[in-house]
Amino acid sequence: MSIDLSQFYEVFIDESFEGLETMESELLNLSPGDVDSEIINNIFRAAHSIKGGSGTFGFNAIANFTHVIETLLDEIRNGERELAANHVDLMLKSIDCLRNMLRSIQNNDEQESQEANTLRVQFEAILEQKNTADVSNTSNSNAVATQPESNGLASKQTKTQITNFFEIKFNPESHVFKTGNEPLFIFEDLAEHGELSVEANIKGIPELDNLVADDCYLGWTINLDTTSEEETVKSVFEWVEDDAEIEIKLVAQFEDEIEVESELDEVEASKPESSLTESPESPASAGSTSASPATTPESLSPDNSKPKDSATSDTVEAEFRPVQKAPTDNKKEPTKQESSSIRVGTDKVDSLINMVGELVITQAMLNELGEDEQIDHAKLLALREGLAQLAHNTRDLQENVMRIRMLPISFVFSRFPRLVRDISQKLDKKVDLVLKGEGTELDKTVMEKISDPMVHLIRNSLDHGLETTPERLAAGKSEAGKVILNAYHQGGNIIIEIIDDGRGLNTEKIRSKAIENGLITEESVLSNQEINELIFKPGFSTADEVSDISGRGVGMDVVKRNINALNGTVEVVSEPNNGSTFTIRLPLTLAILDGQLVKVGNHIYIIPLVSIVESLQIDMSKVNSVGGGMDVLRLRDDYIPILRMHQLFNHPEACQKLQGGLLVVVESDNEKVGLLVDELLAQQQFVIKSLEENYKKVDGISGATILGSGSVSLIIDISSVVKMAGLKRAGHVGLDFDKPLSEAV
């Protein structure tokens, strides 16, 4: 019986995604011609870990693909090759490819991809280019050039190839299988370096009665003929070096003169560099296998690698063939990587344990009081004190549990340097990205959902906001534009700002487009701020041409809708020629929110506190009626539409008079409305439960919660209530009534 390695897949995938993030961030810090060896080593270590882990778990497609990346990195860190810009671009593409391959593992799909094969050919072409260059550079010392062929395009050269013969003693500890290591995968990795034969030592196998199925009793003697160095062979065993006795001995070494084809110098010089990385059919890639070791299963063993006839022999020879991962019929449902796990600091876990300890002490105190059948005044006071302590401990425990879900927003920010780099190259703009407040913490659920809106906003800043280099120089600005991502806490919210120092929003162009699209009329009177808000309307775009970055009129409306779904808001402030600032305001968590309980008829509803501006008693002298049967309240310099909750949710038993009624003023999409309620109750924290998952979607309701009495209370969705009432922004200050209230119910 062997260990089921699938139980470790999730950990491997999570660590691999982290490794790819490390590689990507470090690659973005590299500058061709000025290479930091520490950065290269960090990238190499991450790639090597992914390769080793994928080989251990039998994900051979990933291991093989990562191997060529690792080879290129190894040459760069050893000073054998200069880092070029196209190397960085190719490795960034390979990171995207590896991410897709890892997601295929999560979804039980095929790991092989056409993209991986294409990129592998490009890597091999780069590696072959070096080999050809080495031949040319060393021709005077250890190679003899022959005369060019009659067509004058190619010449034959010879170079020295060193072949090493290694004898490897590999004796793993008995517990090696329990660490997740599989010797067969190690043999397969060795086979990639040359011809391999494996001889098993069966002396350690006990009698059947003493056999433990999960223990390893075998050792192996391995003979390897390879052109690789000893350090490369040692690296194959690094995952098991602490769990095995490993002895690698160089038995012999031979030099062979091999003949290679190479293009003439003048022909090579006339070729563009990109031809080696973009064309799978380039001459370099076509000849890349001429000097590589054989790696087909048939060539991995010499002819004498057959089992011995003696049944009592202490060793058994076997031909090595790569092991393929067996297909499974029990396909798992696709899983979302972002919700699979979360890393928690030990300080948070320690704090949680302390809180549980306090709860245990409080429980013991209350149990002791409960066992006494005679309760006098002193014990009653002690009981009340114990209950107060219990409430305090429960609140602390809740806050500590919520802290576990909090992650630094750097998890979101870290993906944008790559995005800015790629888009700025497409737009031919120079951009400096500045990240601030990366340690600001945010609930994991909110963080997962804010990423896409931020992508749209950053793309908008890069495409529409920042000028081209000639335009910036003509305007007296620096050559490189600047985009700032800033995050900080404010009250119970997190504020995220996307700031650019570009041209700002063109209000005249936005107004013209809005009139052209029928969003407003020529007679509409709007402030500059209200004109800027029009960019969030569906289908709105000021781009003159449609591109793969912008111009289709989708994006900004999706940003606003997604942020509103998180109970958040987005605002834009712009100044001509000085840039724009997009401000996102979000609650820190979606799991537990503070709310105001209100009574409408015989029913209790909850209004999120984050949406409430104020509560007041209606003064009829400040109430006016407008068209469509809508009443508005004059509140300082604003006119607040009054929405009757009993009409919206059909509660005829509720109080229907405005005189002396209670109005809860709430804010939706930067506009205020008033909700008429019968009574204000307590404020409390509540846990949000999805109504759509457990029942169905209900207009005006965002979810439900259970009160202390055990009854269910519905949570008001302010934006949805405004839509139910038929209110809409019509292109001027305030909200207009769209249809009779009776039709909205």
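In this report, we go over the structure that sits alongside the text. Treat the numbers as computed from the prediction; the structure is a model and nothing was measured.

Of the regular secondary structure elements, the protein holds 24 helices and 25 strands. Residues classed as buried in the protein amount to 43% of the 745 residues present. By element, 48% of the accessible surface of the protein is carried by carbon and sulfur atoms, the whole surface being about 39400 Å².

Residue placement: Glu229 occurs in the loop between strand S3 (219-226) and helix H8 (230-236). Each C-alpha atom of the pair Glu229 and Leu250 lies 9.9 Å from the other, and the pair is 21 residues apart in sequence. If sequence neighbours within four positions are ignored, Glu229 has contacts with Asn164 and Phe166.

A pair of packed helices is characterised by two quantities: the angle between their axes and the separation of those axes. Axis separation between helix H12 (residues 346-371) and helix H13 (residues 377-404) bottoms out at 9 Å; the angle between their running directions is 160 degrees. Put simply, H12 runs roughly antiparallel to H13. For the element pair H12 and H13, the recorded crossing hand is left-handed. Looking at the contact of H12 with H13, its residues break down into 14 nonpolar, 7 polar and 6 charged.

Within the secondary structure, Thr583 is located in strand S12 (residues 579-587). Other than its neighbours up to four places away in sequence, Thr583 contacts Ile495, Ile496, Glu497, Thr569, Val570 and Glu571.

Moving on, we get to the sheet that holds strand S10 (residues 493-500). Reading across from one edge, S7-S9-S10-S12-S11 is the order of the 5 strands in this open sheet, with mixed pairing throughout. Of all strands in the sheet, those with a lone pairing partner are strand S7 (431-436) and strand S11 (569-575), marking the two edges. For this sheet the average axis-to-axis angle between neighbouring strands, irrespective of direction, equals 15 degrees. Both strand S9 (residues 481-490) and S10 contribute to a ladder of 8 bridges, which runs antiparallel. Counted as the bridge partner of Asn486 is Glu497 from S10. Sheet strands touched by helix H16 (residues 444-465): S7, S9, S10 and S12. Its angle to S12, the strand with the most contacts, is close to 175 degrees. Helix-sheet contacts for helix H20 (residues 556-565) involve S11 and S12, and the interaxial angle to S11 is about 135 degrees.

Met454, Ile496, Ile535, Ile584 and Leu586 are the most contacted members of the largest nonpolar core, which totals 46 residues. Of all the elements, H16 adds the most residues to this core, at 7 residues. Sequence-distant contacts of Ile496, that is, excluding residues within four places in its chain, are made with Ile409, Ile450, Met454, Asn486, Ala487, Phe582, Thr583, Ile584 and Leu586. Counting residues in each nonpolar core, the second largest holds 41 residues, with Ala47, Ile76, Leu119 and Phe123 among its members.

Quick look at the packing of helix H3 (residues 60-77) against helix H4 (residues 85-106) now. Following both chains from N to C, one finds H3 and H4 inclined at 155 degrees, their axes separated by 11 Å at the closest point. Compared by their axis directions, H3 and H4 come out roughly antiparallel. Handedness of the H3/H4 crossing: left-handed. Taken together, the residues of H4 that come into contact with H3 (itself represented by Ala61, Ile62, Phe65, Thr66, Ile69, Leu73 and Ile76) are His87, Met91, Ser94, Cys97, Leu98, Met101, Leu102 and Ile105.

Inspection of every chain in the model, using the stated rule, returns 25 salt bridges. One salt bridge connects Asp89 with Arg421, and the closest N-O pair in it is separated by 2.5 Å. Taken together, the positions of Asp89 in helix H4 and Arg421 in helix H15 (residues 416-427) put the pair 332 residues apart, joining distant regions of the chain. Salt-bridge contacts for Glu614 lead to Arg636; the nearest nitrogen and oxygen are separated by 2.4 Å. Within this pair, whereas Glu614 is found in strand S15 (residues 612-617), its partner Arg636 is found in the loop between strand S17 (630-635) and strand S18 (638-644), the two being separated by 22 residues in sequence. Assessed through its relative accessible area of 58%, Arg636 is described here as exposed.

Now for a nonpolar patch on the surface. Taken together, Ile205, Leu208 and Leu211 make up a surface patch of nonpolar side chains, about 300 Å² in accessible area. Summarising the element assignment, Ile205 is placed in the loop between strand S2 (194-201) and S3. Ile205 gets classed as partly exposed once you look at its relative accessible area, which sits at 42%.

This next bit is on the pairing of S3. Within S3, 6 of the 8 residues are buried, leaving the element largely enclosed by the surrounding structure. Taken together, the 8 bridges between S2 and S3 define a ladder with antiparallel strand orientation. Of the residues in S3, the one forming a bridge with Val198 is Ile222.

Moving on, we get to H4. Look at H4: 32 Å from first C-alpha to last across 22 residues, which is about the 32 Å you get at 1.5 Å a residue. For H4, the buried fraction is high: 16 of the 22 residues fall into the buried class. Positioned one or two residues after H4, Asn108 has a phi angle of 60 degrees, which is positive.

What counts and what doesn't
Residues numbered from 1 in each chain as written. Predicted model: local features only at pLDDT ≥ 70, side-chain atom pairs only at ≥ 80, totals over all residues. Heavy atoms only, no water. Helix = DSSP H or I, 4+ residues; strand = E, 2+ residues; numbered from the N terminus. Buried < 20%, exposed > 50% of the residue type's maximum accessible area, 1.4 Å probe, protein only. Areas by Shrake-Rupley, 256 points an atom, 1.4 Å probe, with all protein chains shown as cover. Contact = heavy atoms within 4.5 Å. Axes fitted to C-alpha atoms, helices over the stretch in contact; angles between N-to-C directions. Parallel < 35°, antiparallel > 145°, perpendicular 65-115°, else oblique. Left-handed = near helix turned anticlockwise from the far one by under 90°. Nonpolar A, V, L, I, M, F, W, Y, C, P; charged D, E, K, R; others polar. Pairing = 2+ DSSP bridges. Core = buried A, V, L, I, M, F, W, Y, C linked by side-chain atoms within 4.5 Å. Salt bridge = Lys/Arg side-chain N within 4 Å of Asp/Glu carboxyl O. Patch = residues over 30% accessible without salt bridge, like charges linked within 9 Å, V, L, I, M, F, W, Y side chains within 5 Å. Expected span 1.5 Å × (residues − 1).

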